[in-house]
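# Fold and contact review
One letter stands for each residue in the lines below.
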Amino acid sequence: MALALTVCGIVVAVVVIGLFVFGLRRRLIQRSGGTFDCSLRWDAPKEGDTTDGKGWAYGVARYNGDRVEWYRVFSYSPRPRRVLERSAIEVAGRRVPDGEEELALLSDAVVLACLHRGTRLELAMSEDALTGFLAWLEAAPPGQRVNVA
């Protein structure tokens, strides 16, 4: 009986510590400011293909100079999973989530289709975050190419 209680106590402690580390990591990412909730689908299907809601990962994006660093929410890694450079992002269009995507994304999300160095990707974010993202793209220093559709 004492062994079972000890094991249960250890399991509960590990779960609590794990949740604390998730929260601490997110707090450290957001500490420098310029963050927004953003789901990402890397290697997104081409326009016209069926969207089944698969491939989306929930994350937090952070502006860092001429880059956007994207972190998975459910990860312990202190490094961003993807880094998008402003000069390499081409916006192909925007749309509302459809079908099963509505279940995979936040309720107020808008999907932004992009190309980054030849890779198709989609970013899903709130309307306010989208406005800020597009303003950030268009605010490139003079002489840099910006492709916003």
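Remember, predicted model here, so these are calculated numbers, not experimental data.

Definitions and limits used
- Residues numbered from 1 in each chain as written.
- Predicted model: local features only at pLDDT ≥ 70, side-chain atom pairs only at ≥ 80, totals over all residues.
- Heavy atoms only, no water.
- Core = buried A, V, L, I, M, F, W, Y, C linked by side-chain atoms within 4.5 Å.
- Buried < 20%, exposed > 50% of the residue type's maximum accessible area, 1.4 Å probe, protein only.
- Helix = DSSP H or I, 4+ residues; strand = E, 2+ residues; numbered from the N terminus.
- Contact = heavy atoms within 4.5 Å.
- Pairing = 2+ DSSP bridges.
- Axes fitted to C-alpha atoms, helices over the stretch in contact; angles between N-to-C directions.
- Salt bridge = Lys/Arg side-chain N within 4 Å of Asp/Glu carboxyl O.
- Domains from an automatic or database assignment.
- Buried area = accessible area lost by both parts, 1.4 Å probe.
- 1 Å grid on protein atoms, 1.4 Å probe; cavity = no way out; pocket = protein on both sides within 12 Å on 5 of 7 lines; lining within 4 Å.
- Points joined across faces, edges and corners; volume = space filled by probe spheres on them.
- Nonpolar A, V, L, I, M, F, W, Y, C, P; charged D, E, K, R; others polar.

Attention shifts here to the nonpolar core. Membership of the largest hydrophobic core comes to 22 residues, with the highest contact counts inside it found for Leu123, Met125 and Phe133. The leading source of residues in this core is helix H3 (residues 127–138), at six residues. For methionine 125, the residues in contact, after removing those within four places along its chain, are Phe36, Asp37, Cys38, Asp108, Ala109, Val110, Leu130 and Phe133. In this structure, Trp56, Leu105, Ala109 and Ala124 belong to the second largest nonpolar core, which totals five residues.

Right, let's talk about the sheet that holds strand E2 (residues 39–42) for a bit. Strand pairing within a sheet occurs via backbone hydrogen bonds; the two strands may be parallel or antiparallel. Taken together, four strands build an open sheet; the order of strands is E2-E8-E7-E6 and the sheet is antiparallel. The open sheet has two edge strands with one neighbour each: E2 and strand E6 (89–95). Averaged over all adjacent pairs, the angle separating strand axes in this sheet is 25 degrees, with direction ignored. Examined bridge by bridge, E6 and strand E7 (residues 110–116) share six bridges and lie antiparallel to one another. Within the sheet, the bridge partner assigned to valine 91 lies in E7 and is cysteine 114.

A few words now on the pattern of salt bridges. Under the definition given, this model contains ten salt bridges. Among the ionic pairs, arginine 62 bridges to glutamate 69, the shortest N-O distance being 2.8 Å. Residue classification places arginine 62 among the buried residues on the basis of a relative accessible area of 15%. With its nearest N and O atoms 3.4 Å apart, the salt bridge here joins aspartate 98 to arginine 95. Accessibility expressed as a relative area gives 37% for aspartate 98, which makes it partly exposed.

Turning our eyes to something else, we now look at the domain arrangement of the chain. Taken domain by domain, the chain holds domain 1 (1–31) and domain 2 (34–46 + 53–138). A separation of 29 Å is found between the C-alpha centroids of domain 1 and domain 2. Counting residues at the interface gives eight residues for domain 1 and 13 residues for domain 2. For the pair domain 1 and domain 2, the summed buried surface comes to about 880 Å²; carbon and sulfur atoms form 55% of the total.

With that out of the way, let us pick up empty space enclosed by the protein. Here the structure, examined in full by the defined rule, presents one cavity of 30 Å³ or more. In this structure, the largest cavity encloses a volume near 40 Å³. Phe36, Cys38, Ala61, Val68, Trp70, Leu84, Leu123, Met125 and Phe133 are the residues that line the largest cavity. Here the lining of the largest cavity is built from residues that sort into nine nonpolar, no polar and no charged.

Our next topic: the environment of glycine 59. Relative to the helices and strands, glycine 59 is located in strand E3 (residues 59–64). Given a relative accessible area of 0%, glycine 59 falls into the buried group. Between the C-alpha atom of glycine 59 and that of alanine 124, which follows or precedes it by 65 residues, the distance is 9.9 Å. Those residues in contact with glycine 59 that sit more than four places away from it in its chain are Phe36, Asp37, Cys38, Ser39, Trp70, Tyr71, Arg72 and Val73.

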